[in-house]
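Architecture and fold: a report
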Amino acid sequence: GYLDTGLGCSNIDECADNSHNCSHHAICEDAEGSYDCMCNNGFEGDGWNCTDVDECAMGNHTCGENAACTNLEGNYTCECNLGLE
């Protein structure tokens, strides 16, 4: 939005003053007279609503065939199967 300073209008940085409505799993980007929200890596959505991507269930991980993939919020982890390093 804009703020009338009496000498004209100036941009309000909703991201800097934390008045935006972005998801807490998103990045706020200021724009002239507005702002935009983009989901963080590991999340998907419109920036206002971001949900975790389950990389393990989708097969979008780098775990080897002898490792178990465990989904984490916004990420995943690989753990070697028992007896392997």
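The structure we're discussing is the one just above.
The structure reproduced in this document is the subject of the present report. (Residues numbered from 1 in each chain as written. Predicted model: local features only at pLDDT ≥ 70, side-chain atom pairs only at ≥ 80, totals over all residues. Heavy atoms only, no water.)

In terms of regular secondary structure, the chain is built from one helix and eight strands. Written out in order from the N terminus, the α and β elements of the chain read β-β-β-β-β-β-α-β-β. The C-alpha radius of gyration computed for the chain amounts to 20 Å, which surpasses the reference 12 Å derived for 85 residues by more than 25%, pointing to a less compact arrangement than a globule. Projected onto its principal axes, the C-alpha coordinates of the chain cover approximately 70 × 20 × 15 Å. Across the 85 residues in the chain, those meeting the buried criterion constitute 25%. Partitioning the contacts of the chain with sequence separation of at least 6, the portion at a separation of at least 24 is 14%. (Helix = DSSP H or I, 4+ residues; strand = E, 2+ residues; numbered from the N terminus. Rg over C-alpha atoms; globule rule 2.2 N^0.38 Å. Buried < 20%, exposed > 50% of the residue type's maximum accessible area, 1.4 Å probe, protein only. Contact = heavy atoms within 4.5 Å.)

As a further point, take the nonpolar core. Of all hydrophobic cores here, the largest spans nine residues; its members are Cys 15, Cys 22, Ala 26, Cys 28, Tyr 35, Cys 37, Cys 39, Phe 43 and Cys 50. At the level of elements, strand S3 (26-31) and strand S4 (34-39) are the ones that each hand at least two residues to this core. For this core, the element with the highest residue contribution is S4, accounting for three residues. Once residues lying within four places of it in the same chain are set aside, the contact partners of Cys 15 are His 20, Cys 28, Glu 29, Asp 30 and Tyr 35. (Core = buried A, V, L, I, M, F, W, Y, C linked by side-chain atoms within 4.5 Å.)

Function-wise, these values are silent; they only describe arrangement.
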